[in-house]
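Spelled out, the chains give:
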Amino acid sequence: MNNFLTIAMPKGRIFEDAVQLLKKAGFQLPPEFDDSRKLILEVPEEKFRFILAKPMDVPTYVEHGVADLGIAGKDVMLEEERDVYELLDLKISACYLAVAGLPDAKINDVAPKVATKYPHVAAAYFREQGEQVEIIKLNGSIELAPLIGLADRIVDIVSTGRTLKENGLVEYERMVEITSRLIVNPVSFRLKDERINELVERLSKLKTGGFGNENFKS
Ligand code: PRP
């Protein structure tokens, strides 16, 4: 079992892009991969063990060394600031973090409320801007907050822009571009360097160009 590589995969929207990428790199992944509720999937042929985690938790598993590697969005990396190395920009699941809100919102609110899944990123951003805000942490459906008066603005991921549009919200500022990264536990990187370097080499040879967005070309 020791020569297995354990890879923490983010459940949800990045998952499909990540699986597609691994397949494109020539790794044989079983069909059940696409449609399983299992949280641990072993692929003995490739000596891979995948653990399926909540995206925000991927760096935690890697930092603690229970996963050697992980695939995590840059948004999660910025928010979590875990003690892991970023090995590769996989250039998949491209999106960006933005400040958004209602189109007719008053601009000069005193200490406006900002709802977000990314309290650290948002706090750092507004601190840099010299603006005092009150951060309200939510776990999802962030766009709801300005609609029902919980917050004046939101800081959230924009991918296609559909969620903002369909809820009558507009983007105020584009904060940072996001793609998914291959991350590694520093000790695993030392102990399993040969296998990890081979994986990195195979993945970095791919011309990904950003799966999961309009730029994707197969
Ligand atoms: C994300 C994000 C936005 C939406 C953006 O939410 O928080 O709500 O996707 O995508 P779009 O620009 O393509 O509409 P997710 O679907 O991950 O669910 P969540 O609301 O639980 O965070």
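It should be emphasised that the depicted structure is a prediction, and the values quoted were computed from it without experimental measurement.

S.K.: Residues and numbers for the confidence of the model for the chain, please.
M.R.: Residues with a pLDDT of 70 or more make up 92% of the chain, whose mean pLDDT is 92. Every residue in residues 210–218 scores below 50 in pLDDT, and together they form 20 contacts with partners more than four places removed in sequence or on other chains.

S.K.: Talk me through helix H1 (residues 13–24); I want residue IDs and the actual numbers.
M.R.: When H1 is considered as a whole, its buried residues turn out to be Ile14, Phe15, Asp17, Ala18, Val19, Leu21 and Leu22. Looking at the buried side of H1, the elements it contacts are strand S1 (5–10), strand S3 (48–53), strand S4 (69–73), strand S11 (180–184) and helix H8 (193–204). Positive phi appears at glycine 26, one or two residues downstream of H1, with a value of about 95 degrees.

S.K.: Describe the sheet that holds strand S7 (residues 113–116), with residues and values.
M.R.: The strand order across the open sheet built from 5 strands is S8-S7-S9-S6-S10, with neighbouring strands paired in mixed fashion. Only two strands of the sheet have a single partner each, and these edge strands are strand S8 (134–137) and strand S10 (170–178). Neighbour-to-neighbour, the strand axes of this sheet turn through a mean angle of 25 degrees, independent of strand direction. Two elements, S7 and S8, share 4 bridges in a ladder whose sense is parallel. If you follow alanine 115 over to S8, its bridge partner there is isoleucine 136. Helix-sheet contacts for helix H4 (residues 119–128) involve strand S6 (95–101), S7, S8, strand S9 (153–158) and S10, and the interaxial angle to S8 is about 165 degrees.

S.K.: Provide a residue-level description of the site of the ligand, including the pertinent values.
M.R.: Close contacts around the ligand come from 13 residues, with Arg13, Lys117, Thr160, Gly161 and Thr163 the closest. Between an oxygen atom of the ligand and a side-chain N or O atom of glutamate 143, the distance comes to 2.8 Å. A distance of 2.7 Å is found between an oxygen atom of the ligand and a backbone nitrogen or oxygen belonging to glycine 161. Across the complex, the protein chains shield 74% of the 490 Å² of accessible surface that the ligand would expose by itself. Taken together, the elements giving at least two residues each to the shell around the ligand come down to S9 and helix H6 (162–166). Element by element, the count of residues in the shell around the ligand is highest for S9, at 3 residues. Broken down by class, the residue content of the shell around the ligand amounts to 2 nonpolar, 6 polar and 5 charged.

S.K.: Lay out the sheet that holds S3 in plain terms, naming residues and giving numbers.
M.R.: One open sheet accounts for 6 strands, arranged S2-S3-S1-S4-S11-S5; its pairing is mixed. Since the sheet does not close on itself, it has two edges, and those belong to strand S2 (40–43) and strand S5 (85–89), each with one partner. Put simply, the sheet's adjacent strands are angled 25 degrees from each other on average, direction ignored. In this sheet, S11 lies alongside S4 in antiparallel orientation, the contact comprising 5 bridges. Residue pairing across strands places isoleucine 71 opposite leucine 182, the latter belonging to S11. Sitting on the sheet, H1 is in contact with S1, S3, S4 and S11, with an inclination near 140 degrees to S1.

S.K.: Could you give an account of unusual backbone geometry, with specific residues and numbers?
M.R.: Even without being glycine, glutamate 81 reaches a positive phi, approximately 45 degrees. Considering the arrangement of structural elements, one finds glutamate 81 in the loop between helix H3 (74–80) and S5. Here alanine 111, not a glycine, exhibits a phi torsion of approximately 40 degrees, which is positive. Relative to the helices and strands, alanine 111 is located in the loop between S6 and S7.

Rules and cut-offs
Residues numbered from 1 in each chain as written. Predicted model: local features only at pLDDT ≥ 70, side-chain atom pairs only at ≥ 80, totals over all residues. Heavy atoms only, no water. pLDDT = per-residue confidence, 0-100. Contact = heavy atoms within 4.5 Å. Buried < 20%, exposed > 50% of the residue type's maximum accessible area, 1.4 Å probe, protein only. Helix = DSSP H or I, 4+ residues; strand = E, 2+ residues; numbered from the N terminus. Pairing = 2+ DSSP bridges. Axes fitted to C-alpha atoms, helices over the stretch in contact; angles between N-to-C directions. Near = heavy atom within 4 Å. Polar contact = N/O pair within 3.5 Å; in protein donor to acceptor, adjacent residues only side chain to side chain. Areas by Shrake-Rupley, 256 points an atom, 1.4 Å probe, with all protein chains shown as cover. Nonpolar A, V, L, I, M, F, W, Y, C, P; charged D, E, K, R; others polar.

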